[in-house]
Amino acid sequence: MGNPMKIRAAVKDGVTEVKILMQHNMETGLRKEADGKLVPAWYITDVTAQHQGRTVLEAQLGISISKNPYLVFGFKGGAAGEKITVSWVDNTGDKRSDVAEITA
Amino acid sequence: MNSEMNLERRKVLKVGGGVGLLALFASIGLVSPAMAEVDRKAFSAKSMDEALSAMGVIIPEKTDAIKLSVPEIAENGAVVPVSVETTLAKVEQISFFVDKNPNVLAAHFYLPAGTEGMITTRVKMGQTANVIALVKADGKFYKASREVKVTAGGCGG
Amino acid sequence: MNTSNVKKIILVLALATSYAAVAGEVSDSDKIAQYREMISDGNPADFDEMRGEELWKTASGPKNATLQQCDLGKGAGVVKGAYAELPRYFKDTQKVQDLESRLLTCMTTLQGIPEEEITARPFSSDTKQSDISSLATYVVGQSKNVKMNVLVKNPKEKEAYEIGKRMFSYRAGPYDFACSTCHATSHVRIRMQDLPNFFDKKDAQSAYTSWPAYRVSQGLTRSFQWRLNDCYRQQRFPEPKFASEATIALTMFLAVSANGADYAGPGLKR
């Protein structure tokens with residue numbers, strides 16, 4: 001089970017802006033340790049964001065995304081107190097889901 | 001790397017006794033079936049041409065309707081902020097590429113109706129290169145491109 | 001420092017370490033400022049803060065105690081605003097302590113963890129995070145937007161400040177460098193890094209209040225003690241002992257020079 005994310009969601013003028021910071025090493029599989037051994041690829045492949053059960057964003061990530069991935073997006077609607085659920089799965093099958101409340 | 005990555009992907013798909021994990025996710029509504037089926041070959045593409053053809057893109061049109069924001073200089077290639085905002089209607093997908101990275105496709109986003117045509121994320125860049133944003137709107141592909149200079153990062157530590 | 005001195009430094013740096021020093025080309029500095037602005041949101045140091053808070057509140061060590069009774073100078077258990085007043089003199093230890101040495105005191109006395117165990121891992125690495133470093137990140141986060149107000153009143157505080165000030169300009173080592181060799185002139189850079197001039201109030205404030213920081217190049221959150229160690233390395237000095245009197249004195253000098261500014265960390269650096 002992965003480490004917790006940091007999710008901030010705020011609604012303004014009818015648009016909810018969601019900022020997601022995920023805790024993940026995002027190893028490319030191309031990096032070598034000091035001893036010359038390759039560090040195996042280990043990265044988030046899929047991210048999904050839902051607002052009250054409805055999907056508002058789906059993402060596929062590759063090895064070029066920075067360590068501790070950061071995503072910002074927005075969708076129409078959303079109200080203070082409603083919930084945003086973000087889930088990810090990585091290439092080893094590990095996964096994580098966190099919930100945040102929309103603020104005004 | 002290419003086959004290694006495909007292997008990794010396949011391993012993921014095998015989890016759950018033959019039912020792909022993504023399909024499993026799809027069945028519980030975490031990931032839509034459309035996404036689970038998407039050909040991930042684009043993620044192992046080594047060049048822009050290869051990536052675009054894996055994604056079924058013919059020739060993306062250039063447009064002023066896409067605003068791609070990147071720093072002119074990245075103090076460190078490990079974190080390069082990239083942001084795209086478009087005024088195009090019916091945005092369906094947004095993708096980011098780094099043309100000189102080993103695998104050019106960095107991220108691919110599906111935007112359901114109601115989601116704004118705007119994405120910000122952070123990519124790694126091995127060297128000075130072009131960041132390319134590809135936007136699919138109303139069935140058509142558009143692109144914008146900008147160069148980012150990556151500095152060597154200075155005195156260690 | 002006069003210009004010929006600066007030239008000498010630049011030459012030494014260029015020859016000895018392949019550093020290229022360029023005196024402030026404004027445009028590049030602006031571009032770097034733009035880059036820093038763009039990465040300023042979404043700081044992964046938040047995760048280290050969360051980890052530190054968990055450690056603060058979780059009972060551990062031979063005494064199975066939390067750190068919630070730790071006195072960081074504003075009374076037992078008060079974390080809010082504590083960092084903005086450190087280093088300071090503590091009656092119980094009869095010493096001037098910075099954040100990290102004070103955390104060391106609390107971990108050994110309250111939790112009963114042997115000092116050697118804590119100082120064996122003062123900093124995080126790729127494979128293992130340092131507890132004391134995460135705790136420091138948590139504590140500094142609780143002083144965000146609090147005005148720096150480090151007092152030099154008590155005789156021991158005065159002594160620490162004076163020692164720190166002298167250390168800052170103390171030249172030694174294979175290149176005869178002092179901190180002031182690199183940090184006492186405005187608008188000097190090594191490669192792309194602007195070197196803060198600690199005798200300039202604004203520079204000193206923005207440098208001090210942005211540490212600890214998440215270092216993008218390392219993918220890790222780094223403490224102030226780490227920052228000092230890294231500059232000792234730049235100075236070609238031996239690595240100082242963790243939480244030693246010398247590093248506390250130097251921190252005292254730098255912290256006082258930042259007085260009056262709002263603490264802005266944990267920061268996010270290249």
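Model, not experiment: these values are computed from the prediction.

Quick word on the confidence of the model for chain B
Residue and element names in this part refer to chain B. Per-residue pLDDT for chain B has a mean of 78; in total, 71% of the residues score no lower than 70. Counting contacts from residues 1-38, a segment whose pLDDT is below 50, to residues more than four positions away or on other chains yields 61 contacts. Taken together, the stretch residues 153-157 has pLDDT below 50 and engages in 20 contacts with residues farther than four places along the chain or on a different chain. In the predicted assembly, ipTM is 0.95 and pTM is 0.81.

A look at the interface of chain B and chain A
Many analyses report the size of an interface as the accessible area lost when the parts associate. Listed as interface residues are 41 residues of chain B and, on the opposing side, 40 residues of chain A. Along the contact surface separating chain B from chain A lie one salt bridge. A salt bridge links K76 of chain A to E116 of chain B; its shortest N-O distance comes to 3.2 Å. Along the contact surface separating chain B from chain A lie 19 residue pairs in polar contact (both at pLDDT 80 or more). Of all the elements in the fold, those that place two or more residues in the side of chain B that touches chain A are α1 (2-14), α2 (21-27), β6 (105-110) and β7 (115-123) of chain B. It is β7 of chain B that contributes the most residues to the side of chain B that touches chain A, eight residues altogether. Classifying every residue of the side of chain B that touches chain A gives 25 nonpolar, nine polar and seven charged.

Topic: the pairing of β6 of chain B
Of all six residues making up β6 of chain B, six are buried, and the element is well covered by its neighbours. Across four bridges, the pairing between strand β4 (residues 54-61) of chain A and β6 of chain B is antiparallel. Of the residues in β6 of chain B, the one forming a bridge with Q60 of chain A is H108 of chain B. Taken together, the five bridges between strand β5 (residues 91-98) of chain B and β6 of chain B define a ladder with antiparallel strand orientation. Within the sheet, the bridge partner assigned to F97 of chain B lies in β6 of chain B and is L105 of chain B. Turn length for the β5 of chain B-β6 of chain B hairpin, with the two strands adjacent in sequence and antiparallel, is six residues.

What to know about the packing of helix α7 (residues 155-168) of chain C against helix α11 (residues 245-257) of chain C
Residue and element names in this part refer to chain C. Two elements in contact, α7 and α11, have axes separated by 7 Å at closest approach and are oriented at 90°. With respect to α11, the axis of α7 lies roughly perpendicular. Counting all contacts with α7, which are made through E157, A160, Y161, I163, G164, K165, M167 and F168, the residues of α11 involved are A246, A249, L250, M252, F253, L254 and V256. Counted by class, the contact of α7 with α11 contains 12 nonpolar, one polar and two charged residues.

Observations regarding the side chain of T16 of chain A
All names here are of chain A. Secondary-structure assignment places T16 in strand β2 (residues 15-21). According to the relative accessible area criterion, T16 is buried, its value standing at 0%. Of note is the side chain of T16, whose polar atom sits 2.6 Å from the backbone oxygen of G77. Those residues in contact with T16 that sit more than four places away from it in its chain are A9, A10, V11, F73, G74, F75, G77, G78 and I102.

Things to note about the environment of G75 of chain C
Residues and elements named next belong to chain C. Relative to the assigned elements, G75 resides in the loop between α3 (45-57) and β1 (88-90). A residue is classified by how much of its surface remains accessible, and G75, at 23% relative accessible area, is partly exposed. For the pair G75 and D28, spaced 47 residues apart in sequence, the C-alpha separation works out to 46 Å.

Examining the interface of chain C and chain A
Counting from both sides, the interface comprises 11 residues of chain C and, opposite them, 12 residues of chain A. Summed over both sides, the interface of chain C with chain A buries roughly 940 Å², with 53% coming from carbon and sulfur. If you sort the residues of chain C by the area they bury against chain A, D41, F47 and M50 of chain C come out on top, with a joint share of 53%. Its salt-bridge partner being K6 of chain A, residue D46 of chain C comes within 3.7 Å of it at the nearest N-O pair. Here the side of chain C that touches chain A gets three residues from one element, more than from any other, and that element is α3 of chain C.

Points about the state of the cysteines
Residues and elements named next belong to chain C. Taken as a whole, this structure holds one disulfide over all chains when the rule is applied. Each disulfide pairs two cysteine sulfurs, and for C70 the partner residue is C106, the sulfurs being separated by 2.0 Å. Residues C70 and C106 are joined through a disulfide that is right-handed, its torsion about the S-S bond being 75°. Of this pair, C70 sits in the loop between α3 and β1 while C106 sits in helix α4 (residues 99-109), and the two are 36 residues apart along the sequence. Given a relative accessible area of 1%, C70 falls into the buried group. The exposure class of C106 is buried, given its relative accessible area of 3%. Distance from the sulfur of C179, which forms no disulfide, to the nearest cysteine sulfur (C231) is 7.2 Å. Cysteine C182 is unpaired, with the sulfur of C231 as its nearest cysteine sulfur at 7.6 Å.

The rules behind the values
Residues numbered from 1 in each chain as written. Chains lettered and ligands numbered in written order. Predicted model: local features only at pLDDT ≥ 70, side-chain atom pairs only at ≥ 80, totals over all residues. Heavy atoms only, no water. pLDDT = per-residue confidence, 0-100. Contact = heavy atoms within 4.5 Å. Salt bridge = Lys/Arg side-chain N within 4 Å of Asp/Glu carboxyl O. Polar contact = N/O pair within 3.5 Å; in protein donor to acceptor, adjacent residues only side chain to side chain. Helix = DSSP H or I, 4+ residues; strand = E, 2+ residues; numbered from the N terminus. Nonpolar A, V, L, I, M, F, W, Y, C, P; charged D, E, K, R; others polar. Buried < 20%, exposed > 50% of the residue type's maximum accessible area, 1.4 Å probe, protein only. Pairing = 2+ DSSP bridges. Axes fitted to C-alpha atoms, helices over the stretch in contact; angles between N-to-C directions. Parallel < 35°, antiparallel > 145°, perpendicular 65-115°, else oblique. Buried area = accessible area lost by both parts, 1.4 Å probe. Disulfide = S-S within 2.5 Å.

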